Amino acid sequence: MTTVGNCRYRQAIPRGGGGLLDIDTNYGFRKGFLPQGERKYTPRRQPTAQEVLIDTISEGPTTLFLIGIHTNIAVFLLSNPHLKKNIEHIYIMGGGVRSSNPTGCCAANDTTCIPGQCGDHGNMFSAYGTNPNAEFNMFGDPFAAYQVFHSGIPLTLVPLDATNTIPITENFFKEFERQQSTYEAQYCFRSLKITRDTWFNDKFYTSFFMWDSFMAGVAVSIMKNGETYSGENDFAEMEYMNITVVTSNMPYGINDGSNPFFDGRQKPRFNLLQGGVHSGHVQNGIDDPFCIVNGSTKGKCEDGYTKEVTGPEAVKVLVATKAKPSKDVNNPLEKEYFKHFLEILNLPQHAGRFNISSQFPYYRETLYLPNFPNKARGRPVIFDMDMSAGDFLSLIYLLKAPIEDIDLKAILVSGNGWADAATIDIIYDVLHMMGRDDIPVGLGNLTALGTPFLGCTYFKAIPLGSSGYIDSDTLYGLARDLPRSPRRYTAENSVKYGAPRDTDHPELRQPLAFEVWELVTQKLNPGEKISFLTNGPLTNLATIILSDTEAASKIESIVIVGGHVTNNSGDKGNVYTVPPNNYAEFNFFLDPQAAKAVIQSGIKTTLVPLVAQRKVASFECILKSLQLVNKTAELNFAYQLLSLMNELQKKHQVYNHMDIFIGEILGSVFLVEQANLKPIIQVKQIDVIVGEETTEGQLAVDNGNGKQVNILESLDTEAYYAKFASALSQQKQTAVISSFDEQKRIWSKPPA
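On a predicted model such as this, the values are computed, not experimentally measured, just so you know.

### Examining the UniProt feature "domain: Inosine/uridine-preferring nucleoside hydrolase" (unreviewed entry) in the protein
Thinking step 1. Per the UniProt record, "domain: Inosine/uridine-preferring nucleoside hydrolase" (unreviewed entry) is found at residues 39-248 and 381-721.
Thinking step 2. Between the end C-alpha atoms of residues 39-248 there is a gap of 41 Å, over a span that is 36% helix and 12% strand.

What follows is the structure in structure tokens.
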């Protein structure tokens with residue numbers, strides 16, 4: 001993650017709109033434009049950054065372009081000092097040396113305006129109240145940036161000093177709109193346009209800059225000119241400066257619990273010097289009280305600041321200070337780089353071969369809607385999921401359940417569980433495969449109740465890499481095997497829903513979870529009520545109960561997959577990444593306040609806790625049951641996913657917890673087949689513990705303050721496996737399009 005681990009720095013990046021969700025999907029535009037090739041992520045086969053760096057740099061002299069956080073390069077330099085000699089030069093976009101942020105400034109005659117980042121060295125719009133000095137790439141891992149700057153390798157820096165002088169102007173935008181003769185030019189322009197259209201205020205043209213792309217242009221121009229000492233190039237003025245990267249705040253040598261390199265260690269990490277520049281206070285999150293200045297909107301911390309210094313800490317760096325104006329004074333494009341950028345993107349040489357619509361001669365987007373003529377609908381159900389592998393298997397099962405038994409009305413998505421919010425696109429693809437493009441999907445909260453919008457509370461317990469987000473977000477590399485749905489997350493929006501302006505296609509806006517709840521309940525027949533199945537944190541359901549005063553009267557019952565009721569055997573919970581918390585279960589730990597609110601609501605609730613889930617968490621049994629029945633496309637996909645997870649668990653320690661996810665399937669089967677599973681259910685008065693991390697999310701039997709809950713203790717496991725396999729093998733309600741391979745075949749021939 002970073003050289004300091006955990007999430008003290010990454011929390012500065014928003015998780016939702018304008019942050020990770022929009023970047024992960026390119027505002028919803030990526031999937032509808034880019035073609036799909038054969039290469040993809042596969043667990044434990046994907047080369048790591050370190051492997052690629054070692055293989056590439058070992059071959060000979062190499063130049064690095066560094067336009068993100070410095071962790072990968074720093075780890076490489078620390079681990080492979082013998083290869084450092086092969087790195088000829090490093091070009092970096094990031095930092096701010098003498099920069100003065102031009103955004104957030106007030107007009108001279110505006111006495112009511114409160115300035116934002118105006119005049120700051122940095123650009124961290126989410127954290128300037130504690131650190132006005134750092135730029136995002138440097139703040140993401142200051143110690144890593146320090147290692148790169150102090151490596152002795154020649155550096156050229158394109159900081160905010162230069163990029164602040166090349167904002168996207170309206171003239172450039174209009175000219176770009178006219179020059180789109182290649183697929184890459186189209187992709188870049190449309191990406192820029194949706195960014196502009198969804199910008200949070202009306203100052204896009206003065207606050208969105210050419211950051212990384214400008215660095216690439218400056219670097220290539222310097223290299224083309226022979227990398228002269230002065231860094232002669234066509235696009236930026238250059239100057240040498242003496243710089244370091246601040247990694248901790250004075251006074252040095254203190255032990256206040258903030259510094260992971262020193263505190264609690266007999267020997268400092270990386271053999272750092274006691275009392276040295278790394279030994280001060282390290283910013284502990286974006287709301288660190290140490291960094292706050294009373295009476296000021298600007299903080300005092302400098303973690304990640306590329307600071308001019310003298311003495312032994314100074315590193316001589318070639319720095320871009322300003323974008324050069326256009327050589328043609330009559331050119332409406334004010335900067336020389338603007339003209340060059342558009343020329344390069346539109347060159348026929350090395351141009352993109354196709355986009356998704358031209359990759360296949362008969363590409364078309366088709367919605368598949370179900371046909372249930374003259375069939376009585378079963379009880380209406382809303383499925384609330386956090387998009388773990390077990391949740392997707394549960395979803396496929398629910399879609400196979402006879403419509404006479406279960407009428408799946410909607411899916412709600414938790415963005416604070418086992419997958420990033422952008423994984424919502426996989427839900428759309430599964431629904432497309434199953435011919436259920438009619439089912440609405442609502443995007444829920446991205447953080448737990450009562451926690452900051454920017455922060456990592458609770459979900460920091462989920463690994464980012466193998467066995468964590470990267471596997472959930474790609475469905476273990478299998479998501480690309482699914483057919484591509486015309487439906488997908490988009491950042492499209494409208495004034496109606498609080499946006500500053502309508503985008504081109506506001507009808508494609510991603511609905512929120514509460515909006516979908518309202519839509520479903522408005523369409524209920526008289527006397528009908530909703531049954532809820534939750535397979536993730538209870539954030540969405542709690543928000544509904546707390547926001548809709550009539551929610552309790554609209555909900556028939558709730559089945560919660562989660563919670564751990566301890567017994568005399570001392571069975572522990574499954575929050576394996578928080579060792580002090582021995583008895584919590586993940587879905588309750590990820591939002592204990594929400595879990596408490598749902599339990600306390602008094603709505604009829606059945607808990608499917610760990611003790612029950614563990615009785616059906618056998619890969620061997622579930623795979624065997626699937627082998628014994630007729631095959632369908634959805635069964636084959638489920639079998640492939642389960643087999644992969646089983647193989648990973650057997651071969652790699654980091655995947656030891658895979659049985660957590662297959663246990664989650666029980667909730668959906670219990671919802672449909674309760675009577676046939678011969679369940680043993682106990683009724684207990686329970687409450688959810690909220691407070692200390694060591695106990696949060698744990699359940700307490702409390703006959704005084706607890707609420708009555710049905711708890712599934714045991715069941716007929718053979719019947720469970722048989723019912724799951726039988727449902728997936730049925731030809732009724734089966735997949736209408738089996739895979740992306742079938743979709744490719746359809747798109748390669750004329751429609752019938």
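### Considering the sheet that holds strand β6 (residues 315-323)
Thinking step 1. Across the sheet, which stays open at both edges, the 6 strands sit in the order β1-β2-β3-β6-β4-β5 with mixed pairing between neighbours. Strand pairing shows two members of the sheet lacking a second neighbour, β1 (62-66) and β5 (306-308), which therefore form its edges. Averaged over neighbouring strand pairs, the angle between their axes works out to 35 degrees when direction is ignored.
Thinking step 2. The pairing of strand β4 (residues 236-245) with β6 spans 8 bridges and is antiparallel. Each residue of the ladder has a partner; that of Met238, found in β6, is Ala320.

### Observations regarding helix α26 (residues 717-729)
Thinking step 1. Taking 1.5 Å per residue, 13 residues should reach 18 Å; α26 reaches 19 Å between its end C-alpha atoms and fits that length.
Thinking step 2. All of the buried residues in α26 are Ala719, Tyr720, Tyr721, Phe724, Ala725, Ala727, Leu728 and Ser729.
Thinking step 3. Those residues of α26 hidden inside the fold are in contact with α13 (389-400), α22 (619-627), α23 (633-651), α24 (659-663) and α25 (666-673).
Thinking step 4. For α26, the N-terminal capping position is held by Asp716, with its side-chain oxygen 3.1 Å away from the main-chain nitrogen of Glu718.

### Overview of the state of the cysteines
Thinking step 1. By the definition in use, this model includes 3 disulfides.
Thinking step 2. At a sulfur-sulfur separation of 1.9 Å, the disulfide partner of Cys106 is Cys113. Residues Cys106 and Cys113 share a disulfide whose torsion about the S-S bond is about -70 degrees; that sign makes it left-handed.
Thinking step 3. On the accessibility criterion, Cys106 (27% relative accessible area) is partly exposed.
Thinking step 4. Look at Cys113 and you get partly exposed, because its relative accessible area is 28%.
Thinking step 5. Across the disulfide from Cys291 sits Cys301; the S-S distance is 2.0 Å. Taking the sign of the S-S torsion, -75 degrees for the link of Cys291 and Cys301, the bridge is left-handed. Taken together, the positions of Cys291 in the loop between β4 and β5 and Cys301 in the loop between β4 and β5 put the pair 10 residues apart, joining distant regions of the chain. Side by side, Cys291 and Cys301 carry an identical accessibility label, which is buried.
Thinking step 6. Assigning the bonded cysteines of the protein consecutive numbers by sequence position, one obtains the connectivity 1-4, 2-3, 5-6.

Calculation criteria
- Residues numbered from 1 in each chain as written.
- Predicted model: local features only at pLDDT ≥ 70, side-chain atom pairs only at ≥ 80, totals over all residues.
- Heavy atoms only, no water.
- UniProt positions renumbered as here; feature names shortened; annotations may be inferred.
- Helix = DSSP H or I, 4+ residues; strand = E, 2+ residues; numbered from the N terminus.
- Pairing = 2+ DSSP bridges.
- Axes fitted to C-alpha atoms, helices over the stretch in contact; angles between N-to-C directions.
- Expected span 1.5 Å × (residues − 1).
- Buried < 20%, exposed > 50% of the residue type's maximum accessible area, 1.4 Å probe, protein only.
- Contact = heavy atoms within 4.5 Å.
- Polar contact = N/O pair within 3.5 Å; in protein donor to acceptor, adjacent residues only side chain to side chain.
- Disulfide = S-S within 2.5 Å.

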